[in-house]
Amino acid sequence: MALYKKILYPTDFSENSVRTMNYALKVSESQQAELILLYAYRLINNGDADHISHRNNLAELGRKSYEKVDQSLLKDSEVGYTYLSEIGFIEDRILATVKENDVDLVLICDSVHKAIENQNKNGNERLLKRISCPLMLIPEDI
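Worth saying up front: this structure is predicted, and the values here are computed from it rather than measured. (Residues numbered from 1 in each chain as written. Predicted model: local features only at pLDDT ≥ 70, side-chain atom pairs only at ≥ 80, totals over all residues. Heavy atoms only, no water.)

A.B. asks: Mind showing me how you'd approach the pattern of salt bridges here?
C.D. replies: Where charged atoms of side chains with opposite charge meet at close range, the side chains can pair. If you walk through the whole model with that rule in mind, you get nine salt bridges. Linking Lys-64 and Glu-60 is a salt bridge whose minimum nitrogen-to-oxygen distance equals 3.9 Å. Here Lys-64 pairs with Glu-60, and both are found in helix H2 (residues 51-74), just four residues apart, close to one helical turn. For Arg-93, the salt bridge is made with Glu-86, and the minimal N-O distance between the two is 2.6 Å. Owing to a relative accessible area of 16%, Glu-86 belongs among the buried residues under this scheme. When salt bridges with common partners are traced through the structure, they connect Glu-60, Arg-63, Lys-64 and Glu-67 into a single cluster. (Salt bridge = Lys/Arg side-chain N within 4 Å of Asp/Glu carboxyl O. Helix = DSSP H or I, 4+ residues; strand = E, 2+ residues; numbered from the N terminus. Buried < 20%, exposed > 50% of the residue type's maximum accessible area, 1.4 Å probe, protein only.)

Here it is as structure tokens:
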């Protein structure tokens, strides 16, 4: 009997994030669950007045990274998956995605865990206090 129907895997497409995505795929396959990949990014003003171009560049970077992972890792798996690209603090986007998609489990790799803490000093604590489903940190060396 499967415990989880929808699994969320936030990704930054770093080497660590892509490597541990294999684990997320295995868990999803064993549970016959849908895997939701979430790429969240922030629009930090880097001095460029053209915010639309900046946003489009970040979205394009995520899309290209996703397509690369899709071709090399995801497309041949038996797991159903969805890709979401959203603007905002990563912990806020995780919480919103869990709620909006009835997510049953969140798997977080080490690089995303560190990114949450870097974006907001109390980001991981805030996430743990507010999340409505189990959350599992995937060790870097898995």
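A.B. asks: I'm lost on the packing of helix H1 (residues 15-31) against H2 in this one. Help?
C.D. replies: A packed helix pair is summarised by two numbers, namely the angle formed by the two axes and the spacing between the axes. Where H1 meets H2, the closest approach of the two axes is 11 Å, and the angle between their N-to-C directions is 55 degrees. It follows that H1 is oblique to H2 by the angle criterion. The chirality of how H1 crosses H2 is right-handed. Where H1 abuts H2, its residues Val-18, Met-21, Asn-22 and Leu-25 lie against Val-69, Leu-73 and Leu-74. The residue inventory of the contact of H1 with H2, partitioned by class, reads six nonpolar, one polar and no charged. (Axes fitted to C-alpha atoms, helices over the stretch in contact; angles between N-to-C directions. Parallel < 35°, antiparallel > 145°, perpendicular 65-115°, else oblique. Left-handed = near helix turned anticlockwise from the far one by under 90°. Contact = heavy atoms within 4.5 Å. Nonpolar A, V, L, I, M, F, W, Y, C, P; charged D, E, K, R; others polar.)

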